[in-house]
Amino acid sequence: MIDLAIADDVATVVLDAPAKLNALDEAALAELDAAYREAEAAGVRALLLRGEGRAFCAGRDISAVDPRDDDVLGYLGGRVTPLLQRMSRFPAPTFAVAHGACLGVGLGLLIATDVVYVAESAKIGSPFAALGATLDSGGHALFLDRLGPHKTLDLIYTGRLMSGTEAVRSGLFSQVLPDDEVRVAATAAAGKAAHGATAAFRASKELVARIRDERLTLWESIDVENAAQAALCDTEDYREGFAAFQEKRRPEFRGR
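Residues numbered from 1 in each chain as written. Predicted model: local features only at pLDDT ≥ 70, side-chain atom pairs only at ≥ 80, totals over all residues. Heavy atoms only, no water.

Undergrad: Teacher, can you tell me more about the sheet that holds strand E7 (residues 123-125) here?
TA: Each strand in a sheet pairs with its neighbour through backbone hydrogen bonds, running either in the same direction (parallel) or in the opposite one (antiparallel). Ordered by their spatial adjacency, 3 strands build an open sheet running E5-E7-E8, and the pairing between neighbours is mixed. Edge positions in the sheet fall to strand E5 (101-103) and strand E8 (161-163), since each of these pairs with one other strand and no more. The sheet shows a mean angle of 30 degrees between the axes of neighbouring strands, direction not considered. Two elements, E5 and E7, share 3 bridges in a ladder whose sense is parallel. The partner of Cys102 across the bridge, within E7, is Ile124. (Pairing = 2+ DSSP bridges. Helix = DSSP H or I, 4+ residues; strand = E, 2+ residues; numbered from the N terminus. Axes fitted to C-alpha atoms, helices over the stretch in contact; angles between N-to-C directions.)

Undergrad: What am I meant to see in the pattern of salt bridges here?
TA: Oppositely charged side chains may form a pair once their charged atoms are brought near each other. With the rule as written, the count across this model stands at 13 salt bridges. Salt bridges linked by common partners bring Asp33, Arg37 and Arg86 together as one network. (Salt bridge = Lys/Arg side-chain N within 4 Å of Asp/Glu carboxyl O.)

Undergrad: What exactly am I supposed to notice about helix H9 (residues 236-247) here?
TA: Residues spaced three or four apart along an α-helix face the same direction, because each turn holds 3.6 residues. If you check H9, its first and last C-alpha atoms are 16 Å apart, about what 12 residues at 1.5 Å a residue would give, namely 16 Å. Looking only at H9, the buried set comprises Asp237, Glu240, Ala243 and Ala244. Angularly, the buried residues of H9 cover 130 degrees about the axis, an arc narrow enough to put them on a single face. Exposed and facing more than 90 degrees away from the buried side of H9 are Phe245 and Gln246. Packing partners of the buried residues in H9 comprise helix H7 (198-214). (Expected span 1.5 Å × (residues − 1). Buried < 20%, exposed > 50% of the residue type's maximum accessible area, 1.4 Å probe, protein only. Arc of directions from axis to C-beta. Contact = heavy atoms within 4.5 Å.)

In structure tokens:
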């Protein structure tokens with residue numbers, strides 16, 4: 001149910017189980033992890049994640065789960081968390097197209113992606129109170145950071161789902177677009193990034209993660225930025241960028 005295609009330095013990963021709204025069981029999570037491994041090994045310079053059908057991903061596939069012997073920690077801690085970590089550390093810019101239901105693990109996949117383009121009709125939130133379950137896959141951290149505790153708990157208690165427009169206006173994701181435009185826009189963005197200054201993009205990705213996770217102060221952030229900039233001086237992309245600027249031409253970055 002996970003498809004991978006690589007072309008022109010871009011990996012496209014597709015969740016392809018539309019009949020079950022791309023819900024993910026353990027086998028699908030393993031396939032998705034393998035797709036990211038393969039894309040990384042191929043040295044792609046950008047990655048696009050999307051889902052087929054009416055939804056991006058409705059979360060965990062619980063159709064065959066018996067709650068009396070459910071190994072939820074094994075599923076979440078053993079499968080989901082390592083996958084999200086791999087996705088977030090992917091050594092190139094990553095993009096996702098969010099449409100329809102983006103719930104639970106599906107929301108986690110978006111959280112672990114660098115840039116998320118959201119369809120107006122997307123449904124984002126925490127409807128899990130109806131199952132006697134709670135939000136997982138990083139949802140609490142995302143909502144609390146962007147929405148504050150009151151709105152976070154309101155969404156959790158009520159099970160209300162935000163539209164794509166509300167989610168972007170609340171600062172959850174990057175851009176909101178009409179449903180028939182969002183995939184085209186995300187694909188174009190991934191293609192543009194794949195021909196950009198890959199080393200610099202990777203440095204910024206690592207800086208953002210470090211500033212977020214280590215809660216660096218302004219001056220600590222500036223120090224790590226300075227070190228990253230100094231390291232980039234040794235890359236081909238850096239020298240090409242300067243040469244192109246001085247020669248008044250477009251740079252031809254090679255990702256090195």
